[in-house]
Amino acid sequence: MRYLLLLTALFFAVNASAQVDARPPVDMQHGFLTPMFYINGERANRWRVAIQLSLDERASRLFNRGVNVRGVGYAVMGLGIIVGGLESRRRVNEGRWGSDSLSNMVLYGSLGCVAGGIVMYQRGSLWQMRAIQLYNEESEQSSLRLGPTNDGLGLTLTF
């Protein structure tokens, strides 16, 4: 009986602090080549947003995954632009635009890299937006339920 009272008191203590501590909202808007982040209406950099999102583990993992995919998308897109630019410059200098199948494959491959990089960039941005939405949504902070434990069935406190 004492443990049940202790568990109930712990539940209310956790809920009381969860009601008082409000997390500042995080927002992301798309800018030119980079997104713009806002915490509580003030402009913030990606590092501050990542630290703020670390309060929610799922949102933090999804945000970091989005950052990594966007970075790889930038790299692939840059590689495609560089190789395509070099190939088109070579074609302009030689005065030929055409029939060599190897140079066509290089040009089409670079265009494929640019398209793939754009898709990866958009996918990473989408994951970052989902992470911010997951962080901002009002979810249940803690609960006391009847559920499975290590020894069978009992009261579980999740927070």
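This structure is a prediction, so every number in the text was calculated from the model and none was measured. (Residues numbered from 1 in each chain as written. Predicted model: local features only at pLDDT ≥ 70, side-chain atom pairs only at ≥ 80, totals over all residues. Heavy atoms only, no water.)

(A) Structural context of the sheet that holds strand E3 (residues 42–44). Strand order in the open sheet formed by three strands is E1-E2-E3, with antiparallel pairing between adjacent strands. Among the strands making up the open sheet, the edge pair consists of strand E1 (26–30) and E3. The average undirected angle you get between the axes of adjacent strands in this sheet is 40°. With three bridges joining them, strand E2 (residues 35–39) and E3 adopt antiparallel strand pairing. (Pairing = 2+ DSSP bridges. Helix = DSSP H or I, 4+ residues; strand = E, 2+ residues; numbered from the N terminus. Axes fitted to C-alpha atoms, helices over the stretch in contact; angles between N-to-C directions.)

(B) Structural detail: the packing of helix H2 (residues 46–53) against helix H3 (residues 57–94). Where H2 meets H3, the closest approach of the two axes is 9 Å, and the angle between their N-to-C directions is 150°. With respect to H3, the axis of H2 lies roughly antiparallel. Read as a crossing pair, H2 and H3 show a hand that is left-handed. When H2 is examined against H3, the residues Arg46, Val49, Ala50 and Leu53 are found in contact with a partner set consisting of Ser60, Phe63 and Val67. Split by residue class, the contact of H2 with H3 holds five nonpolar, one polar and one charged. (Parallel < 35°, antiparallel > 145°, perpendicular 65-115°, else oblique. Left-handed = near helix turned anticlockwise from the far one by under 90°. Contact = heavy atoms within 4.5 Å. Nonpolar A, V, L, I, M, F, W, Y, C, P; charged D, E, K, R; others polar.)

(C) Structural view of H3. Between its first and last C-alpha, H3 extends 56 Å over 38 residues, near the 56 Å set by a 1.5 Å rise per residue. Just past H3, the residue glycine 95 takes up positive phi, approximately 80°. (Expected span 1.5 Å × (residues − 1).)

(D) Expanded view of the pairing of E2. The element E2 is largely enclosed, with a buried count of four among its five residues. Relative to E2, E1 runs antiparallel, the two being bridged by five bridges. Across the sheet, residue aspartate 27 finds its bridge partner in E2, namely tyrosine 38. Between E1 and E2, which follow one another and run antiparallel, lie four residues, and leucine 33 among them has a positive phi close to 70°. Hairpin connection, E2 to E3: the antiparallel pair is bridged by two residues, and asparagine 40 has positive phi, about 55°. (Buried < 20%, exposed > 50% of the residue type's maximum accessible area, 1.4 Å probe, protein only.)

(E) Region of interest: a nonpolar patch on the surface. A grouping of Leu79, Ile82, Val83, Leu86, Leu102, Met105 and Val106 is seen on the molecular surface, where their side chains present a nonpolar patch of about 660 Å² in accessible area. Put simply, the parts of the chain that give the nonpolar patch at least two residues each are H3 and helix H4 (101–136). Ranked by residues supplied to the nonpolar patch, first place goes to H3 with four residues. Along the chain, leucine 79 falls in helix H3. (Patch = residues over 30% accessible without salt bridge, like charges linked within 9 Å, V, L, I, M, F, W, Y side chains within 5 Å. Areas by Shrake-Rupley, 256 points an atom, 1.4 Å probe, with all protein chains shown as cover. Salt bridge = Lys/Arg side-chain N within 4 Å of Asp/Glu carboxyl O.)

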